[in-house]
Amino acid sequence: REKTNKKKSIEADPPPRVRESGKETSWVAMMAGYAPGAGLAGMLKDGAKHITAADSAVLRNIDACKQLGALVATSVGPAGRKKLVVNRLGRLLVTSDVATIVRELEVEHPAAKIVVMASHAQERDAGDGTGLVIGLAAQLLELAEDLLRMGLHTAEIADGYERAGMEAQRILHTLAVHKVADVKDAQQVTEVLAAPIASKQYGLEAVIAPLVTEACISVLPKNINMFSVENVRVAKILGGSVSDSSVLRGTVLNGDAQGTIKHLTAARIAVFTCDVDTAASETKGTVLLHSAKEFTNYTRSEEDALEARIQAIAEAGVNVLVSPKFGEMAMHFVEKYKIMAVKCTSKFDLRRVARTSGAIALAKLDPPTKDEIGVCDVVTVEEIGSTKCVVFRQETEGSRVSTIVLRATTDN
């Protein structure tokens, strides 16, 4: 009876049929291939994805840039908050500098990475304004999102922004509130530098701005377009207060001289990127010695070779050696020939010493030529606070490097 009732119910409700192109087609057959309620996804194979204009790739790129802008927006300005950043090496950084933050974040998104590259270009060209670049780009893209939703094409929006940029540059020239007529006038330059310094160290601009002005003007070349920020360095020395900071023509290295000679005037400097020590063999070998005399003669040959090199360097007129490392035997001969030894492990500091003195860094321990020897008015060891420093001071006006000796209670 149940089977009979089921059969009758099926026969009572036959599937509807439609006539199409002279053929009768069952709705059941049509529903097997397409479900109208499923939308466009029902027409495509499994796994296919359709992105509408409101959720296009352009808008998702804009959203990534907006998130980057929101991340750094709270760190811009004198009241900006610091960020705690842990980079891939596990180093912990606490800073409000936007350039440092975006550099350590290692952004991978293509659109956001273009904005980061623009901020790096701004830092390389002007030294500041990285937060402004990212914030302005995020705001412009946010406004462009509204225009895209209104139906405008990306090419039209880009053309409009390009025209707006040209108009903005024209208007900016009429909004100048202060002009520097002479870049060598310390007072005019200080007034200009006070504003950007206040954005980083609010309340200290009256102390730091004159120091930066003095350091920049002292190394200013005849062609001001050739000025390089690499010629102005900062040496952080703990102790004292910011008001104790000063400017020095030359370079300052933290640490003491290696030998007993601590002060020289009219110094002639040789800079080596290699260690001043006995030459080590490139391969391992075994030496068979039969007596104490053979052992003495074996070490004597190395000592004689090292002494001959240092003697040749001294005869070339060098009285200051700068190198990453000095061996014990080498220090004996350096002291013997009255040469001042300065240990400098950083390759960047080696470049600064070479730039300050005009020396050429040598990769091999050979006597330098006259063109490879640098000259410095004074090389001395000074104790600043409780820290001993080696000072390469140029007392002439044409110094290529100037250093701001910054004093404070902490490194931050």
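Provided above is the structure to which this section pertains.
All values reported here derive from a predicted model rather than from experimental measurement.

Enquirer: I tried to follow the overall build of the protein chain on my own but got confused; where do I start?
Expert: From N to C terminus, the protein chain includes twelve helices and twelve strands. In the protein chain, which comprises 412 residues, the share counted as buried stands at 30%. Here the contacts in the protein chain between residues at least 6 apart in sequence split such that 64% fall between residues at least 24 apart. As displayed, the protein chain has an accessible area near 26,700 Å², and 55% of this comes from carbon and sulfur atoms.

Enquirer: Teacher, can you tell me more about the pattern of salt bridges here?
Expert: Once their charged atoms are close, side chains differing in charge can pair, the charge on each being opposite to the other. A complete count under the given rule lists ten salt bridges for this structure. For the salt bridge of arginine 233 with glutamate 230, the shortest nitrogen-to-oxygen distance reads 3.3 Å. Put simply, lysine 262 and aspartate 256 hold a salt bridge, and the shortest N to O gap is 3.2 Å. According to the relative accessible area criterion, lysine 262 is partly exposed, its value standing at 30%. Because the salt bridges share partners, they merge into one network encompassing Lys66, Glu145 and Arg149.

Enquirer: Any chance you could explain helix α12 (residues 347-357) here in plain terms?
Expert: What sets the pattern is the α-helix's 3.6 residues per turn: residues three or four places apart point alike. Those residues of α12 that sit buried are Leu350, Arg352, Val353, Ala354, Thr356 and Ser357. If you follow the buried residues of α12, they end up packed against β5 (232-238), β6 (246-254), β7 (263-271), β8 (320-323), β10 (374-384) and β11 (387-393). One side-chain oxygen of the residue at the start of α12 lies 3.3 Å from the amide nitrogen of phenylalanine 348, identifying that residue as serine 346. Phi turns positive, to about 80°, at glycine 358, one or two residues after α12.

Enquirer: Can you walk me through the side chain of threonine 95 in this structure?
Expert: Assignment of secondary structure puts threonine 95 in strand β4 (residues 92-95). Here threonine 95 is in contact with Lys82, Lys83, Thr100 and Ile101, once residues within four sequence places are set aside.

Enquirer: I'm lost on helix α5 (residues 110-126) in this one. Help?
Expert: The end-to-end C-alpha distance of α5, which contains 17 residues, comes to 24 Å, matching closely the 24 Å that a straight helix rising 1.5 Å per residue would cover. Considered for burial, the residues of α5 that qualify are Ala111, Ala112, Val115, Val116 and Ser119. What you see down the axis of α5 is that its buried residues fit within an arc of 145°, all on one side. Turned more than 90 degrees from where α5 packs its buried face, Pro110, Ile114, Met117, Arg124 and Asp125 sit exposed. Residues of α5 that are buried sit in contact with α3 (57-73), α4 (98-105) and α6 (130-150). Positive phi shows up at glycine 127, right after α5, with a value of about 85°.

Enquirer: What exactly am I supposed to notice about unusual backbone geometry here?
Expert: In this model, alanine 266 sits at a positive phi of 50°, which is unusual for a non-glycine residue. Tracing the sequence through the fold places alanine 266 in strand β7. Judged by relative accessible area, which is 54%, alanine 266 ranks as exposed. Positive phi, normally seen in glycine, also occurs at lysine 338, with a value near 55°. Here lysine 338 is to be found in the loop between α11 (328-336) and β9 (340-343). Classification of lysine 338 as exposed rests on a relative accessible area of 61%.

Enquirer: What is the right way to read the sheet that holds β8 from this model?
Expert: Picture the strands of a sheet paired through backbone hydrogen bonds; they go either parallel or antiparallel. A sheet is described by the order of its strands in space; here eight strands give the open sequence β5-β12-β6-β11-β10-β7-β8-β9, paired in mixed fashion. Only two strands of the sheet have a single neighbouring strand rather than two, namely β5 and β9. The sheet shows a mean angle of 45° between the axes of neighbouring strands, direction not considered. Here β10 runs beside β11; their pairing, made up of seven bridges, is antiparallel. Along β11, the bridge assignment pairs valine 379 with phenylalanine 392. In the packing of α12 onto the sheet, the strands contacted are β5, β6, β7, β8, β10 and β11, and the crossing angle to β6 comes to about 135°.

Enquirer: Is there a simple way to explain the environment of valine 180 in this structure?
Expert: Following the sequence through the fold, valine 180 ends up in the loop between α7 (154-172) and α8 (186-200). Sequence-wise, valine 180 and glutamate 191 are eleven residues apart; in three dimensions their C-alpha atoms are separated by 9.2 Å.

Enquirer: Can you help me understand the pairing of β7 in this one?
Expert: Remark: a regular strand shows side chains that alternate across the two faces of the sheet. Two elements, β7 and β10, share six bridges in a ladder whose sense is antiparallel. For alanine 267, the partnering residue across the bridge sits in β10 and is cysteine 376. In terms of strand pairing, β7 meets β8 through three bridges, oriented parallel. In the sheet register, isoleucine 269 faces β8, and the bridge partner there is valine 320.

Enquirer: When you look at a nonpolar patch on the surface in this model, what are you seeing that I'm missing?
Expert: Judged by side-chain polarity, Leu84, Val86, Leu92 and Val94 come together as a nonpolar surface patch covering roughly 410 Å² of accessible area. Those elements giving two or more residues to the nonpolar patch turn out to be β3 (83-86) and β4. Here leucine 84 shows up in strand β3.

Enquirer: Before we go on, may I ask you to explain the packing of α3 against α6 in this structure?
Expert: For any two helices packed against each other, one specifies the crossing angle of their axes together with the interaxial distance. Between α3 and α6, the shortest axis-to-axis distance is 8 Å and the interhelical angle comes to 145°. Crossing handedness for the pair α3 and α6: left-handed. In this structure, α3 contributes Val58, Leu59, Ile62, Cys65, Lys66, Leu68, Gly69 and Val72 to the contact, and α6 contributes Ile134, Ala138, Leu141, Glu142, Glu145, Leu148 and Arg149. Class assignment of the residues belonging to the contact of α3 with α6 gives a composition of ten nonpolar, one polar and four charged.

Enquirer: Even after reading the chapter, I still don't get the environment of valine 318, so can you show me in this structure?
Expert: Tracing the sequence through the fold places valine 318 in the loop between α10 (292-315) and β8. Separated by 57 residues in sequence, valine 318 and valine 375 have C-alpha atoms that sit 9.5 Å apart. Once residues lying within four places of it in the same chain are set aside, the contact partners of valine 318 are Arg268, Ile269, Ala270, Ile313, Ile339, Pro368 and Ile373.

Rules used throughout
- Residues numbered from 1 in each chain as written.
- Predicted model: local features only at pLDDT ≥ 70, side-chain atom pairs only at ≥ 80, totals over all residues.
- Heavy atoms only, no water.
- Helix = DSSP H or I, 4+ residues; strand = E, 2+ residues; numbered from the N terminus.
- Buried < 20%, exposed > 50% of the residue type's maximum accessible area, 1.4 Å probe, protein only.
- Contact = heavy atoms within 4.5 Å.
- Areas by Shrake-Rupley, 256 points an atom, 1.4 Å probe, with all protein chains shown as cover.
- Salt bridge = Lys/Arg side-chain N within 4 Å of Asp/Glu carboxyl O.
- Polar contact = N/O pair within 3.5 Å; in protein donor to acceptor, adjacent residues only side chain to side chain.
- Expected span 1.5 Å × (residues − 1).
- Arc of directions from axis to C-beta.
- Pairing = 2+ DSSP bridges.
- Axes fitted to C-alpha atoms, helices over the stretch in contact; angles between N-to-C directions.
- Patch = residues over 30% accessible without salt bridge, like charges linked within 9 Å, V, L, I, M, F, W, Y side chains within 5 Å.
- Left-handed = near helix turned anticlockwise from the far one by under 90°.
- Nonpolar A, V, L, I, M, F, W, Y, C, P; charged D, E, K, R; others polar.

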